[in-house]
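# Observations on the three-dimensional arrangement
If you want the building blocks of each chain, they are given just below.
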4 protein chains.
Amino acid sequence: MADTKVRVGVVGASGYAGMELLRLLAHHPGVELTYVAGNHDESNPLPETFPFLHGWDELRIEAFDAELCARRCDAVFVALPSGVSGGIAVQLWRMGKRVIDLSGDLRLPPDQYEAWYQKPAVDAEALAAAVYGLTEWNRPLVRSAQLVANPGCYATAVLLALLPAVVAGWMADGQPVVVDAKSGVSGAGRHPKLPYQFGELADNFYAYRVGRHQHTPEIEQQLARTGGGQRVLLTTHLIPAVRGIYATCYIPLARPVPLAEAFEHYRSVYAGEPFMHVHPPGQVPEMKHVRASNRCHLGLAADGRSQVLIVMSVIDNLQKGAAGQALQNFNLMHGFPETTALHAWPVYP
Amino acid sequence: MADTKVRVGVVGASGYAGMELLRLLAHHPGVELTYVAGNHDESNPLPETFPFLHGWDELRIEAFDAELCARRCDAVFVALPSGVSGGIAVQLWRMGKRVIDLSGDLRLPPDQYEAWYQKPAVDAEALAAAVYGLTEWNRPLVRSAQLVANPGCYATAVLLALLPAVVAGWMADGQPVVVDAKSGVSGAGRHPKLPYQFGELADNFYAYRVGRHQHTPEIEQQLARTGGGQRVLLTTHLIPAVRGIYATCYIPLARPVPLAEAFEHYRSVYAGEPFMHVHPPGQVPEMKHVRASNRCHLGLAADGRSQVLIVMSVIDNLQKGAAGQALQNFNLMHGFPETTALHAWPVYP
Amino acid sequence: MADTKVRVGVVGASGYAGMELLRLLAHHPGVELTYVAGNHDESNPLPETFPFLHGWDELRIEAFDAELCARRCDAVFVALPSGVSGGIAVQLWRMGKRVIDLSGDLRLPPDQYEAWYQKPAVDAEALAAAVYGLTEWNRPLVRSAQLVANPGCYATAVLLALLPAVVAGWMADGQPVVVDAKSGVSGAGRHPKLPYQFGELADNFYAYRVGRHQHTPEIEQQLARTGGGQRVLLTTHLIPAVRGIYATCYIPLARPVPLAEAFEHYRSVYAGEPFMHVHPPGQVPEMKHVRASNRCHLGLAADGRSQVLIVMSVIDNLQKGAAGQALQNFNLMHGFPETTALHAWPVYP
Amino acid sequence: MADTKVRVGVVGASGYAGMELLRLLAHHPGVELTYVAGNHDESNPLPETFPFLHGWDELRIEAFDAELCARRCDAVFVALPSGVSGGIAVQLWRMGKRVIDLSGDLRLPPDQYEAWYQKPAVDAEALAAAVYGLTEWNRPLVRSAQLVANPGCYATAVLLALLPAVVAGWMADGQPVVVDAKSGVSGAGRHPKLPYQFGELADNFYAYRVGRHQHTPEIEQQLARTGGGQRVLLTTHLIPAVRGIYATCYIPLARPVPLAEAFEHYRSVYAGEPFMHVHPPGQVPEMKHVRASNRCHLGLAADGRSQVLIVMSVIDNLQKGAAGQALQNFNLMHGFPETTALHAWPVYP
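Reference entry: report on the structure contained in this document. Being a predicted model, the structure only gives us computed values, none of them experimental.

## Overview of the overall build of chain A
- Secondary structure summary: chain A contains 12 helices and 13 strands in total.
- Projecting the C-alpha coordinates of chain A onto the three principal axes gives extents of approximately 60 × 45 × 40 Å.
- The buried share of chain A, reckoned over its 349 residues, is 67%.
- Taking the contacts inside chain A whose residues are at least 6 apart along the sequence as the reference set, 70% of them involve residues at least 24 apart.

As structure tokens, then:
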């Protein structure tokens, strides 16, 4: 662990992922938070913007200024909307900072990005330098990365569920992997919109962006890099809940795999991982079991009557799906134990 | 419409489906509610048990008595737990009553029932006489039925979504239809259990009975009767919401079907149906759009990259999934317009 | 009941109260809905704006046009925000229409209105003509009214709780009546705002406009008209729920009043009222017991150790607190039975 | 801080307060958790009972055994239902352990206890030895206590709001302090009951135990000890939320107190307190702002038209209202910094 503290900035602190980063960084013994940028109309002491943050009275949310940010920080988290975030991340990276971008801007090659995001991509050199920060599967590259593309929330939950099956060579060819995924509403951000009003979402549930969610190519790209060529049919839904992602993955198998064998394999793949837990057959993961933690819980089930392995995966979208995994990557990049400031147990009930 | 009122009984009025029946029957112009049975410890005027029912002060919830019930009623709804409900329904049917059973007891042949429900089946003669009450698909038989097996809540949502594809002959053979279904908690009944406590379910979401939900054979049986031999891989989940079912169905197609063609077909299959609505492509159904109504809304989407048709289906599990469809069947059996006492618009927000 | 139908318009149909009016009017046998105005960007067939309303395909939400509205309607409900609603209501009333205004614009004398609403009042002549539509307490005037100021949601719940104590002469002088009131979020309207986002309101609860809620003078005015001169200390809170108001009223008594006597008095005051229910001592009203109905339930409790009568009052803010009471007044004004289209039982669970 | 770790036991770990203690103790550097007792049917590794606790695989929930508990522990938290908890706490205290009891059993003199709890009190000697653990107001006694009666959740929120006004001598005599308090459902415990089922509580809100909540005498006793003789009229309500208490307190004043003066006084009373925050006038506390933290936020408002000071107080009922404050007292008793293992920021959103 470094002798002096790492000077850290958070750009996009008015959003939920940025807020969560502040909350986590507050207890990081190796970090000095030196810069916080967010919406200009919230340029006031942090506790006035977020009354639950009082105690951090000296810090202010400032309008973003790249020069100032670079001067004050060694490392920066950028948690802005896609289309804005990547450009700022690249700018700071070019100024010699270690940068973790939480948006989708640095995760795909330009043509894929522009097809799925309908926005211009950042330059190809930066994209080539960006390391995909799915920590458990990409440690060596993350450790030495200067620029990290932090994975999407759905992509994280789904990849942690699918990759063990890919490396085992179990997946059938030619049939898509159906992924029926559901998310709490904090994944949609903090900007007020009618569908996310309490009166509209309470007691509601529905699919959205069916067949065209932008995490689809991100998932397929990682499957391919790990040796799998499957198509993923991702359908995302909104749950009347605040935090959490639940992904139910239906994996057509190339050969019958007994459930006990699948369990042993998954357990051994994730043995020693501090944030991973694989439930024994018969138990299902619950979304609330990981709330406000950086954990991912997996459950396995077989359909006795077809050759399909069902893998259920839960994460907290603001932690393992965003700020938590970003901090996990930060820890890895800076030589801190990976669990630093991420050891909190889930909040239950 | 009959000149005199039909004398109607509700057995199981302490549960949610039974309560919903009371609420609906209250405004039925051709019905006289003459008998209400439920938990004995609630043997008191209805409004004391259900303060929202005051105005019906003369009625009492009584402990069930078959003789009394048969004497007072022409028709009876039985809404008790599986394993109890069917026996009582058959008993009343043998006494010459027209009976609608809301449980799973009369929906499957004995061997299937015993395999999936782990309980002894009712006698085969009664099972043979019971008509499956999926109203939109079984009108002629329901109209003359004396004993109706009212469909399961999941089965209703799923069958209304799948059957148009079956009759069109679109379904591929050899691949299972993945049905990822989600339900509000009222489907689990009113008996207090830890997982359904507010503190446990709020902000939670999880799968249950994965690969072994008892509505699976019920769905497959109707597919087969309509000409489809597909296996259904049904996974059910619990939503932190009270009412509603959302079924996302992934149908592997035998040939490419353009989305516009699928929409026209679905719309024409359900043309004139008072409770069915098919959204045009691009719109998705929302669970809340049918709340407290007998409607079923369907939405269609294609996965452009695999030959899968996605059909989303929503119902209110206590209405179209239970009490509402039971009343719809009752109306059909007794010559009332099918929408009688079922015309209420969804309650929104 | 009139032989021909009353031609009715709803102005403000994009908001929650307006939507609720549409839902209720749909089943009114004496009404023809001939005009619906709302946000211009929703100028399309009603079912596209509100998918739960399909079946009413011929109607469109139009941008408001006074001439058109007057030409098409005999009676108009105006459910727009305060500051806009009253002006339009008065305009239509001057054109000879019978008008029910759901905003706060016509409820207070100009000086009070301007002090509490911080907006200019409508002209004094119109204010003088407007009848306060607390139906149970103002029937004779409502019956012949041409212009009705429909009461506020909090004011309705609180006045129905307090007025029986006023007419009994029980209230002590010199001490304020503390009213601790709570509301579901639909009372805040449908326009998206950060505090009403699901992620912000779920698991939250807080007071707002403490000591300065604009329903305070409206309540005191009616107390005074009924013979009470008490001050009301109204504190309003937001509940993480969609529909409903719960008002807990602490009435300092001039003399000890046994609880049984209080109960008998309240029950006799509201005897025969179709929407009022007084719980016997020992029972408390629950907010959900009146959901989606026009009912008001009251409960009474004594504090054995101080001379305070506690009256709890629940209504559905969109029904008895807005659209339901407006329709109740409409029925009274047009000679329909008061319960017409308002007979629905509460939706439970 | 002690050189060796304190060996700590938790009795009642199956309940919500016990679970929260486990969660907090897990990160306490001076504690070794050596004993966990709870429901016998959950006698298995902790992570199987509470899947969110995996990582603590060696610990088991055992059926309570006083001898074993005393042998393994230096200090014990007892978090059982009232009527059971106090007896066990006293037993362990007599065995020389330092004990913190989270129930109501040790908070009142025998006559008061038996009148409000309807159960036999523990012996008077133990009651006399028990120190009331409202940390901020009772530090010297807690520091040297062997037996602590941890305050009730409502009592904590209310006393922290009222005591500054008491010591200032502001309270009027002869008029009760009206306290309108609301709680999330986790305060009702983890044992399944119908009213706490999700289907019953969602979208609901209601008062309970009106005029007879057992925290009333506990509050009055502390007011009296601090020099106030006021009666408290406490009404408690249930919120459809999991964690949190919101107390709205209406304090009749003996003389006018400007709001600015009240704010300065409250702020100075709580200056330096790590868990207390007083909002400036114009801001209100929100329940969610303290969720999953040990904080108490206070807000002040004046009713300009009557001489009443309104104080709003929020806590998390499972933390400052139970496990958090218990741990705060434990820290004080054992010479740890008071914030040890309690420094987590609120979880938001």
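From this point, the discussion proceeds with the structure in view.
## Here's the deal with the sheet that holds strand E4 (residues 98-101) of chain B
Residues and elements named next belong to chain B.
- On the basis of which strands lie adjacent, the open sheet formed by 6 strands has the order E2-E1-E3-E4-E6-E5 and parallel pairing. Across the chains shown, the open sheet's two edge strands, defined by having one partner strand only, are strand E2 (31-37) and strand E5 (131-132).
- As judged from the 3 bridges shared by E4 and strand E6 (residues 147-149), these two strands associate in the parallel manner. Within E6, the position partnered with Val99 by the bridge is Leu147.
- Contacting strand E1 (6-11), E2, strand E3 (75-78), E4 and E6, helix H12 (residues 319-334) crosses the sheet at an angle of about 160° to E4.

## Brief notes about the pairing of strand E1 (residues 6-11) of chain C
Residues and elements named next belong to chain C.
- By the criterion of burial, E1 is predominantly enclosed, with 5 of the 6 residues buried.
- Where E1 lies against strand E3 (residues 75-78), 4 bridges are found, and the strand directions are parallel. Paired with Val11 across the strands is Val78, a residue of E3.

## Let's talk about the environment of C:Val178
- Within the fold, C:Val178 resides in strand E7 (residues 177-183).
- Placed 67 residues apart in sequence, C:Val178 and C:Asp111 show a C-alpha to C-alpha distance of 24 Å.
- Residue contacts for C:Val178: discarding those within four places in its chain leaves C:Leu233, C:Thr248, C:Cys249, C:Tyr250, D:Val178 and D:Tyr250.

## Quick notes on the interface of chain B and chain C
- Every contact between the two is made by 32 residues of chain B and, on the other side, 32 residues of chain C.
- When the two sides are added together, the surface that chain B and chain C hide from each other amounts to roughly 2900 Å², 68% of it contributed by carbon and sulfur.
- Where chain B meets chain C, there are 0 salt bridges.
- At the boundary of chain B with chain C, the tally comes to 6 residue pairs in polar contact (both at pLDDT 80 or more).
- Among the secondary structure elements, those contributing two or more residues to the side of chain B that touches chain C are helix H1 (16-25) and strand E11 (276-278) of chain B.
- With 5 residues, H1(B) is the single largest residue contributor to the side of chain B that touches chain C.

## A few points about the relation of the copies chain A and chain B
- With an RMSD of 0.0 Å, the operation that places chain A on chain B is a rotation of 180° combined with a shift of 0.0 Å along the axis. What the rotation and shift describe, once combined, is the action of a two-fold rotation axis.
- An overlap of 100% is found between the interface residues of chain A and their copies at the interface of chain B, pointing to a shared contact surface.

## Details of the relation of the copies chain B and chain C
- Mapping chain B onto chain C is achieved by rotating through 180° and translating by 0.0 Å along the same axis, at an RMSD of 0.0 Å.
- Comparing contact sets, 100% of the residues at the interface of chain B also lie at the interface in chain C, consistent with an isologous, same-surface contact.

## Things to note about the interface of chain A and chain B
- Each partner contributes residues to the interface: chain A has 47 residues there, and chain B has 47 residues.
- Buried surface at the junction of chain A and chain B, summed over both partners, amounts to about 3800 Å²; 56% is from carbon and sulfur atoms.
- Looking only at chain A, the three residues that lose the most surface to chain B are A:Asp203, A:Phe205 and A:Arg305, adding up to 20% of its buried area.
- Put simply, chain A and chain B have 6 salt bridges between them.
- Two residues, A:Lys182 and B:Asp180, come together in a salt bridge whose shortest N-O distance is 3.0 Å.
- Here chain A and chain B share 34 residue pairs in polar contact (both at pLDDT 80 or more) between them.
- Broken down by secondary-structure element, the contributors of at least two residues to the side of chain A that touches chain B are strand E7 (177-183), helix H9 (198-201), strand E8 (206-208), helix H10 (215-225), strand E9 (232-238), strand E10 (245-252), strand E12 (296-303) and strand E13 (308-315) of chain A.

## Examining the sheet that holds strand E5 (residues 131-132) of chain C
Residues and elements named next belong to chain C.
- Here 6 strands make up an open sheet; going across it, the order is E2-E1-E3-E4-E6-E5 and the pairing parallel. Each edge of the sheet is formed by a strand with only one pairing partner; in this case those strands are strand E2 (31-37) and E5.
- Lying over the sheet, helix H4 (residues 85-94) contacts E3, strand E4 (98-101) and strand E6 (147-149), oriented at roughly 170° with respect to E4.
- Contacts from helix H12 (residues 319-334) reach E1, E2, E3, E4 and E6 within the one sheet, and its direction differs from that of E4 by about 160°.

What counts, and at which threshold
Residues numbered from 1 in each chain as written. Chains lettered and ligands numbered in written order. Predicted model: local features only at pLDDT ≥ 70, side-chain atom pairs only at ≥ 80, totals over all residues. Heavy atoms only, no water. Helix = DSSP H or I, 4+ residues; strand = E, 2+ residues; numbered from the N terminus. Buried < 20%, exposed > 50% of the residue type's maximum accessible area, 1.4 Å probe, protein only. Contact = heavy atoms within 4.5 Å. Pairing = 2+ DSSP bridges. Axes fitted to C-alpha atoms, helices over the stretch in contact; angles between N-to-C directions. Buried area = accessible area lost by both parts, 1.4 Å probe. Salt bridge = Lys/Arg side-chain N within 4 Å of Asp/Glu carboxyl O. Polar contact = N/O pair within 3.5 Å; in protein donor to acceptor, adjacent residues only side chain to side chain. Least-squares fit on C-alpha atoms with pLDDT ≥ 70 in both.

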